[in-house]
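The primary structure of each chain is shown beneath.
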Amino acid sequence: MKIVPISIPTPFYIGPVNVYLIAEDPITIIDTGPKTKEAVTALRDGLRAAGFKVSDIRRIVLTHAHEDHCGLARSLRDEAKNAQVLIHEWETGHRHSRLEYEEHRTLLVRAGVPDEEIVRLRRMYEGVRQYADSFADNEHGPLWDNAELEFESGSLRIVHTPGHTPGSCSFVREADRTIIAGDCVLKRITPNPVLSPDPLDPKKRFPSLAEYLVSLARLRTFAPTLVYGGHGDPVHDYDELFNRYIRAIQERQQSVIKLVGNDGATAWEVAQKMFPGTDDVHRFLAVSEAVAHLDLAHTEGKLALESSNTREIYKPL
Ligand SMILES: [Zn+2]
Ligand SMILES: [Zn+2]
């Protein structure tokens with residue numbers, strides 16, 4: 001079962017995204033690239049170099065529903081005459097009926113994000129949406145944790161690895177302990193645990209960082225020899241990366257606890273101090289990062305959390 005990485009350009013700060021062709025029946029791609037002309041061209045070129053074309057694709061599997069990963073799924077599916085699209089049920093970004101503005105807005109308000117900033121974030125989000133088509137709920141199938149994606153001469157085990165998003169999935173080829181991990185594992189940067197409503201109770205925040213730590217540890221149990229990430233080069237030494245991530249997360253936790261200070265602070269205030277001068281999408285990611293670390297510190301009993309009006313204030317113990 002041959003795995004062929006194809007690098008696809010994106011208009012985003014992160015740079016190119018990796019799509020993985022599984023060059024065996026049923027011909028499958030894991031992730032698609034964003035909906036841009038440049039991405040389609042790069043994907044066609046990559047498929048051609050491997051001896052395939054879009055119409056050969058029978059299965060489109062999505063690690064998660066961020067635009068750079070799922071953007072082309074619909075047009076590829078249509079061109080490939082109804083190839084099957086599979087994604088975890090906890091993902092929402094690709095749905096017509098995706099968990100919408102109101103739920104996200106509530107989370108941002110609780111994190112202390114000012115109204116005018118929420119309006120700006122909303123506008124920015126609308127701009128990003130143009131890079132992906134959405135799906136009706138009956139147009140995609142589910143990815144189940146621990147199920148297998150079968151191929152002619154082997155299979156990939158589906159491993160639900162929430163954290164970066166609630167429904168993020170990784171795919172493990174146990175024969176040689178190779179993993180395709182989407183944005184769960186990135187060689188050069190620690191993935192952002194994106195602020196999301198909890199799929200099981202959208203009034204709550206998804207405990208993204210706590211879940212992410214579990215996912216990292218779970219991938220480690222496979223003793224991977226090679227991990228293909230959503231961006232950048234593959235990772236050969238997963239243990240080194242795992243330890244580096246854990247250290248980075250611990251250091252960041254200490255700095256957010258310090259930034260909360262004696263008087264307490266909202267996640268927005270902590271984000272402003274942690275990443276002064278950020279703009280655009282980075283402001284949203286900065287709030288996500290702050291909330292994730294503050295929530296984990298709270299869960300671990302290192303910070304208190306109080307609500308005042310609609311806002312939540314983290315306080316020292
Ligand atoms: Zn992502
Ligand atoms: Zn990504």
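For the structure itself, consult the block above.
Notes on the structure in this doc start here. Everything numeric in this text was worked out from a predicted model, so none of it was measured.

Before going further, it helps to examine the coordination of the zinc ion (ligand 1). Looking at the zinc ion (ligand 1), the protein donor atoms are H64 (NE2), H66 (ND1), H164 (NE2) and D183 (OD), and they sit 2.1 to 2.3 Å from it. Seen from the zinc ion (ligand 1), its four donor atoms lie at angles of 91 to 171°, and the figure they make is irregular. Along the chain, the residues donating to the zinc ion (ligand 1) are arranged with the sequence spacing H-x1-H-x97-H-x18-D. The metal-metal distance between the zinc ion (ligand 1) and the zinc ion (ligand 2) is 3.4 Å, with D183 serving as a donor to both. In this pair, H64 is assigned in the loop between β4 (59-61) and α2 (67-70) and D183 in the loop between β10 (178-182) and β11 (197-198), connecting sequence segments 119 residues apart. Assessed through its relative accessible area of 1%, H64 is described here as buried. Judged by its relative accessible area of 5%, D183 falls in the buried class.

As a further point, take the packing of aromatic side chains. For the structure on display, the rule yields five aromatic pairs. Centre to centre, the rings of Y238 and F242 are 6.3 Å apart; their planes meet at 40°, and the pair counts as tilted. Highlighted residues: Y238 and F242, both in helix α7 (residues 238-260), separated by four residues, approximately one helical turn. Taken individually, Y238 and F242 each receive the classification buried, so the pair is uniform in this respect. When the ring centre of F151 is taken as origin, the NZ or CZ atom of R59, which lies over that ring, is 4.6 Å away. The positively charged end of R74 is found above the aromatic ring belonging to F135, 5.5 Å away from the centroid.

Quick notes on the rules
- Residues numbered from 1 in each chain as written.
- Chains lettered and ligands numbered in written order.
- Predicted model: local features only at pLDDT ≥ 70, side-chain atom pairs only at ≥ 80, totals over all residues.
- Heavy atoms only, no water.
- Donors = N, O, S within 2.8 Å, 3.2 Å for Na, K, Ca; no water.
- Tetrahedral: all angles 85-135°; square planar, octahedral: opposite > 155°, others 65-115°.
- Helix = DSSP H or I, 4+ residues; strand = E, 2+ residues; numbered from the N terminus.
- Buried < 20%, exposed > 50% of the residue type's maximum accessible area, 1.4 Å probe, protein only.
- Phe/Tyr/Trp six-rings, centres within 6.5 Å; stacked < 30°, edge-to-face > 60°.
- Lys NZ or Arg CZ within 6 Å of the ring centre and 35° of its normal.

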